[in-house]
Amino acid sequence: MADPKMSPWDHVLVHALQAVILQPWSDNVNDEMLLAVLSDACHHATAEAPQVRRLLEIAERIMLQAKSPRRHDIKARSEHEARLALHAFHMWRLGEAQAFIRRRTQTEEEAA
C-alpha cells in the first residue's frame, strides 16, 4: 500500500514514541537508546499528516522533559497525551487500511 502521507522517518517516530510510552520498566541504557532514536526521528520526520504532527509535538515535549530536573512531575501528563495521540493515530491508520482493502476488493470484483 503506497503511503504518501508518511515518510519512513514518520514511521520511526511513531514506533519510537510507542516504545517509549509502552516500555514496562525504565533503565538508563534502554531509556537513552529510545530517546536517541526518538530525537533522530523528531529531527527528520516530515509530519505531513495531522495525526503524525500531533505525535511529533508530544515527542518533542517528551525530549525536553527528559532533560528537565522536574521530569517526573510532568511525565504522567505527557504519557497520557501520548497514549491518546497514539490511539488516534492507530484509528486513522486502521481506517486507511480498511479503505484500501475495500478499494482493492471492489477492483477485483469489477475485474471478475
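All figures in this text were calculated on a predicted structure; none of them were measured in a lab.

Reading the values: rules and limits
- Residues numbered from 1 in each chain as written.
- Predicted model: local features only at pLDDT ≥ 70, side-chain atom pairs only at ≥ 80, totals over all residues.
- Heavy atoms only, no water.
- Helix = DSSP H or I, 4+ residues; strand = E, 2+ residues; numbered from the N terminus.
- Rg over C-alpha atoms; globule rule 2.2 N^0.38 Å.
- Buried < 20%, exposed > 50% of the residue type's maximum accessible area, 1.4 Å probe, protein only.
- Contact = heavy atoms within 4.5 Å.
- Areas by Shrake-Rupley, 256 points an atom, 1.4 Å probe, with all protein chains shown as cover.
- Expected span 1.5 Å × (residues − 1).
- Arc of directions from axis to C-beta.
- Phe/Tyr/Trp six-rings, centres within 6.5 Å; stacked < 30°, edge-to-face > 60°.
- Lys NZ or Arg CZ within 6 Å of the ring centre and 35° of its normal.
- Axes fitted to C-alpha atoms, helices over the stretch in contact; angles between N-to-C directions.
- Parallel < 35°, antiparallel > 145°, perpendicular 65-115°, else oblique.
- Left-handed = near helix turned anticlockwise from the far one by under 90°.
- Nonpolar A, V, L, I, M, F, W, Y, C, P; charged D, E, K, R; others polar.

Notes on the overall build of the protein chain
Line of reasoning, step 1. For the protein chain, the count of helices and strands is 4 helices and 0 strands.
Line of reasoning, step 2. Sequence-ordered secondary structure for the protein chain, helices as α and strands as β, is α-α-α-α.
Line of reasoning, step 3. Since a compact globule built from 112 residues should have a radius of gyration of about 13 Å, the 17 Å found for the protein chain marks it as more spread out than a globular shape.
Line of reasoning, step 4. Across its three principal directions, the C-alpha atoms of the protein chain cover 65 × 25 × 25 Å.
Line of reasoning, step 5. Across the 112 residues of the protein chain, 31% fall into the buried class.
Line of reasoning, step 6. A fraction of 71% describes how many contacts in the protein chain between residues 6 or more apart in sequence connect residues 24 or more apart.
Line of reasoning, step 7. When the accessible area of the protein chain is evaluated, it comes to approximately 7,500 Å², of which 58% is carbon and sulfur surface.

Some remarks on helix α2 (residues 28-44)
Line of reasoning, step 1. The end-to-end C-alpha separation of α2 is 24 Å, in line with the 24 Å expected for 17 residues at 1.5 Å each.
Line of reasoning, step 2. The set of residues buried in α2 consists of D31, L34, L35, L38, A41 and C42. The buried residues of α2 all sit within an arc of 120° when viewed along its axis, so they share a single face. Among the exposed residues of α2, those pointing more than 90 degrees away from its buried face are V29, E32 and H43.

Some words on the packing of aromatic side chains
Line of reasoning, step 1. All chains considered together, the criterion is met by 1 aromatic pair.
Line of reasoning, step 2. Just above the ring of W92 sits the side chain of R93; from NZ or CZ to the centre is 5.4 Å.

Re the packing of helix α1 (residues 8-22) against helix α3 (residues 50-66)
Helix-helix packing is described using two parameters, namely the angle between the two axes and the distance between the axes.
Line of reasoning, step 1. Interhelical geometry of α1 versus α3 gives an angle of 50° and a closest axis separation of 10 Å. By the angle between their axes, α1 is oblique relative to α3. Judged by the twist between their axes, the crossing of α1 over α3 is left-handed. Every residue of α3 that contacts α1 at D10, L13, V14, L17 and I21 is listed here: V52, L55, L56, A59 and I62.
Line of reasoning, step 2. Class assignment of the residues belonging to the contact of α1 with α3 gives a composition of 9 nonpolar, no polar and 1 charged.

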